[in-house]
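Residue-level structure breakdown
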Amino acid sequence: MAYEFSGRDELSDAELLELSKEAESEATPSTIRVMFNEFKADKTAMASAIFIVAFILLVVIGSFFINVPQIMQTDLMGYYAKPFTNYILGGDSSGRPILSQLVVGSRNSILIAIGLTAISSTFGVVYGLVSGYYGGYVDLTMQRVYDFMMIIPMLMTIIVLVTIIPHYNAITLTLLLSIFYWMGTSRLIRSSTLAESQKDYVAASKVSGTSNLKIMFREILPNISSLIIVDTTLSFAENIGVETGLSYLGFGLPDGTPSLGTLIANANDPNNITQYWWTWLPAALEIILLCLAISYVGQVLRRTANASQRRGN
Amino acid sequence: MWKTILRRILIMIPELIVLSILVFLMAKAMPGDPFTGSINPKSNPAEIHRLMAANGLFDPWYVQYWHWVVNLFHGNLGMSYEYQMPVVDLIKQRGMNTLWLAVFTMILTYAIGLPLGIYAGKNEGKWSDTLIRIYTYVTMSIPFFVVLVIGIWIFGYALGWFPTSGSISPSVSGFGPSLLSRLGHIILPGLLGALFGTVNIIQYLRSQVIDSKHSAFVKTEVAKGVPSKAIYRHHIFRNSVLPIAAFAGYSITGLLGGSIFTEMIFSYPGMGQLFLNAVNFRDYTVITTLVLLYGFLNLLGTLISDIVLSIVDPRIRIE
């Protein structure tokens, strides 16, 4: 229903308002809007998203009230304390409270995962955009680098590098991991950029003299933004596994810094795994719940990105 | 097709060279030198200096690299100072265990993945399909090592169905019993590994079957009155299953990476465990050899996959 002009040159404010409202209702909804609708239509996704945000806030804020060096001290009274005796979730083999370790460990693991996701996704997006947009020899060279990164035995190399680097901490660990976890994103972005750069609007923009940088980051990037959001969410779930797995093996965060992985490593002791289940099981369950929730949100976002699968409207 | 394969192999050569340089530099960056542990610390510093010079440790890095590569080609990978035996022999020993577990996992992966993927595609939208999709979604989200830990806790310790460490029971003798004992030790890790490995196969097959179900040629067959069983057997399965063969090569990467977790959690004496031990004892010759070997296997895996894919899917050759 188009607005009919009454023949006058000037529009009154009321008419202008009505016109803009009409334009708004007929335009394709923005990505953010579509995502919001999708969440409104799916209660489980809404609950998962709220759970994730609340949980992250809780552990980050909660960890401020915990004195890490103090809880990491050996306490003979709390030696393998059962849950609800000395401590709420019991104590480990050195009598350190599990709950406090869990809160601080979650914060460390989640912050590293967020940092890792931010760095590796940004790099992967830029790499994929440049490679896919320029094509030709640029793409060929960049894909050779990609191929080479794929054949490096990642986990082994990271472990070796962790042992070589002197005095590493959470930040060096995050940077080190970022070197190895951008490939998936870059591959995805490259293929969608390849498809996108064949479209008319890119050709039109090129003809009218827009700079390549501007086309890549101001025109193509917004058009694949939904894809990036989905990919980032899913990599976040994966990256929680990366750091905790490494800490579990003993090559992640240094000793005395709790992580979800170091807590699960308690399960390496046959006595702990059977008799003192509270030393490791809560951390394992937490990782499972968190990863399931995050990737559930990712799946919902994926539906958003793919118009044919939407549930909301 | 030969052109594609040849080109693919030619690309491999520079990759291999860069990988070896990287591994060599990594070895150089590690504290200590190849004699750490094997030289008596009390010996005369001048004597140590002479030994190091004789072994070319004061040469520029590219000269040292060259000697290292030449040695590599002669099968001389150095000695493990922790085990006091040639690295080649050590890897032969442990490699068999890892290979044994990997092959078993791979067989299980296909045995579970193929039927589930086709079944899900065939029954698209039904509750069985939904169930299979929930399974793929859950295994895709949870980190592998957490499932291994929970798996060994429930089935190894609590229920006691499977052994929780080693590759063979110590008291077993004779071919039959020892084979059974070996099998018993790899069932649980193999099964857990396969549960994770199947996800890609299931997702790929499912979408492949659904795609061909809705394709024009299948609709034509249906219109001509061909029974649906025959359509599935002759067209849909054949089209969908062939490219799956190519996944075998790619999955080597995943299997090897996962083997570090599996072998640590199940105390399984394979190459992954050997690697972790070597890192803890700073057994550098073993570390560098293993990184190089795993990289080479990754390379070989992708090469095989690419070749298989180019045979199966002619479109790739044209590209």
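Residues numbered from 1 in each chain as written. Chains lettered and ligands numbered in written order. Predicted model: local features only at pLDDT ≥ 70, side-chain atom pairs only at ≥ 80, totals over all residues. Heavy atoms only, no water.

Here we look at the overall build of chain A
A tally of helices and strands in chain A yields 15 helices and 0 strands. Considering chain A as a whole, with its 313 residues, one finds that 47% of them fall into the buried category. Sequence-distant contacts, at least 24 apart, represent 68% of the contacts inside chain A between residues at least 6 apart. In the form shown here, chain A has an accessible surface area of approximately 15,800 Å², with 63% of it arising from carbon and sulfur atoms. (Helix = DSSP H or I, 4+ residues; strand = E, 2+ residues; numbered from the N terminus. Buried < 20%, exposed > 50% of the residue type's maximum accessible area, 1.4 Å probe, protein only. Contact = heavy atoms within 4.5 Å. Areas by Shrake-Rupley, 256 points an atom, 1.4 Å probe, with all protein chains shown as cover.)

Comments concerning the packing of aromatic side chains
Applying the stated criterion across every chain yields a total of 16 aromatic pairs over all chains. When the ring of tyrosine 127 of chain A is compared with that of tryptophan 182 of chain A, the centres are 4.7 Å apart and the planes differ by 50°; the resulting orientation is tilted. Of this pair, tyrosine 127 of chain A sits in helix α5 (residues 98-134) while tryptophan 182 of chain A is found in the loop between α8 (170-180) and α9 (183-196), placing the two residues 55 residues apart along the sequence. Residue classification places tryptophan 182 of chain A among the buried positions, given a relative accessible area of 5%. Their ring planes at 40° and their centres at 5.8 Å tell us that phenylalanine 155 of chain B and tryptophan 161 of chain B sit as a pair that is tilted. An aromatic cluster is present here, built from Phe123, Tyr127 and Trp182 of chain A joined pairwise through their rings. (Phe/Tyr/Trp six-rings, centres within 6.5 Å; stacked < 30°, edge-to-face > 60°.)

Quick word on the side chain of asparagine 123 of chain B
All names here are of chain B. Looking at the secondary structure, you find asparagine 123 in the loop between α4 (87-122) and α5 (127-141). Residue asparagine 123 is classed as buried on the basis of its relative accessible area, which comes to 13%. Non-local contacts of asparagine 123, meaning those with residues more than four positions away in its chain, are made with Ser128 and Asp129.

Examining empty space enclosed by the protein
Applying the stated rule across the entire model yields 1 cavity of 30 Å³ or more. Its boundaries defined by the atoms lining it, the largest cavity holds a volume of some 50 Å³. Lining the largest cavity we find Val160, Thr163 and Ile164 of chain A together with Met30, Pro31, Val279, Arg282, Tyr284 and Ile287 of chain B. For the lining of the largest cavity, the element with the highest residue contribution is helix α7 (residues 154-164) of chain A, accounting for 3 residues. Here the lining of the largest cavity is built from residues that sort into 7 nonpolar, 1 polar and 1 charged. (1 Å grid on protein atoms, 1.4 Å probe; cavity = no way out; pocket = protein on both sides within 12 Å on 5 of 7 lines; lining within 4 Å. Points joined across faces, edges and corners; volume = space filled by probe spheres on them. Nonpolar A, V, L, I, M, F, W, Y, C, P; charged D, E, K, R; others polar.)

Structural notes on the interface of chain B and chain A
The partner chain A presents 37 residues to the 39 residues of chain B that form the contact. Summed over the three residues of chain B that lose the most area to chain A, namely Tyr137, Phe145 and Trp153 of chain B, the buried surface amounts to 17% of that side. Linking chain B with chain A are 0 salt bridges. Our count for the chain B to chain A interface comes out at 4 residue pairs in polar contact (both at pLDDT 80 or more). Per-element tally for the side of chain B that touches chain A: the top contributor is helix α12 (residues 284-312) of chain B, with 8 residues. By residue class, the composition of the side of chain B that touches chain A is 31 nonpolar, 6 polar and 2 charged. (Buried area = accessible area lost by both parts, 1.4 Å probe. Salt bridge = Lys/Arg side-chain N within 4 Å of Asp/Glu carboxyl O. Polar contact = N/O pair within 3.5 Å; in protein donor to acceptor, adjacent residues only side chain to side chain.)

Looking at helix α10 (residues 244-265) of chain B
All names here are of chain B. Over its 22 residues, α10 runs 30 Å from end to end, which matches the ideal 32 Å to within 8%, given 1.5 Å per residue. The principal kink in α10, of about 40°, is found at tyrosine 250. Within the sequence span of α10, burial applies to Ile244, Ala246, Gly249, Leu256, Gly258, Ser259, Ile260, Phe261, Thr262, Glu263 and Ile265. Just downstream of α10 lies serine 267, where phi reads positive at about 40°. (Expected span 1.5 Å × (residues − 1). Bend = angle between axes of the 7 residues up to and from the residue.)

Some points on the pattern of salt bridges
A complete count under the given rule lists 6 salt bridges over all chains for this structure. Between lysine 199 of chain A and glutamate 196 of chain A there is a salt bridge, and its shortest N-O distance comes to 3.4 Å. The class of lysine 199 of chain A is partly exposed, set by a relative accessible area of 43%. Under the relative-accessibility criterion, glutamate 196 of chain A is labelled buried at 9%. A salt bridge links glutamate 124 of chain B to lysine 213 of chain B; the nearest nitrogen and oxygen atoms lie 3.8 Å apart. Residue glutamate 124 of chain B is found in the loop between α4 and α5, and its partner lysine 213 of chain B is found in helix α7 (residues 175-213); the two are separated by 89 residues along the sequence.

Regarding the confidence of the model for chain B
Residues and elements named next belong to chain B. Taken as a whole, chain B shows an average pLDDT of 82; of its residues, 92% reach a score of 70 or greater. Across chain B, α5 holds the top mean pLDDT of 90, while helix α13 (residues 314-318) sits lowest at 60. The complex model carries a pTM of 0.84, and its ipTM stands at 0.85. (pLDDT = per-residue confidence, 0-100.)

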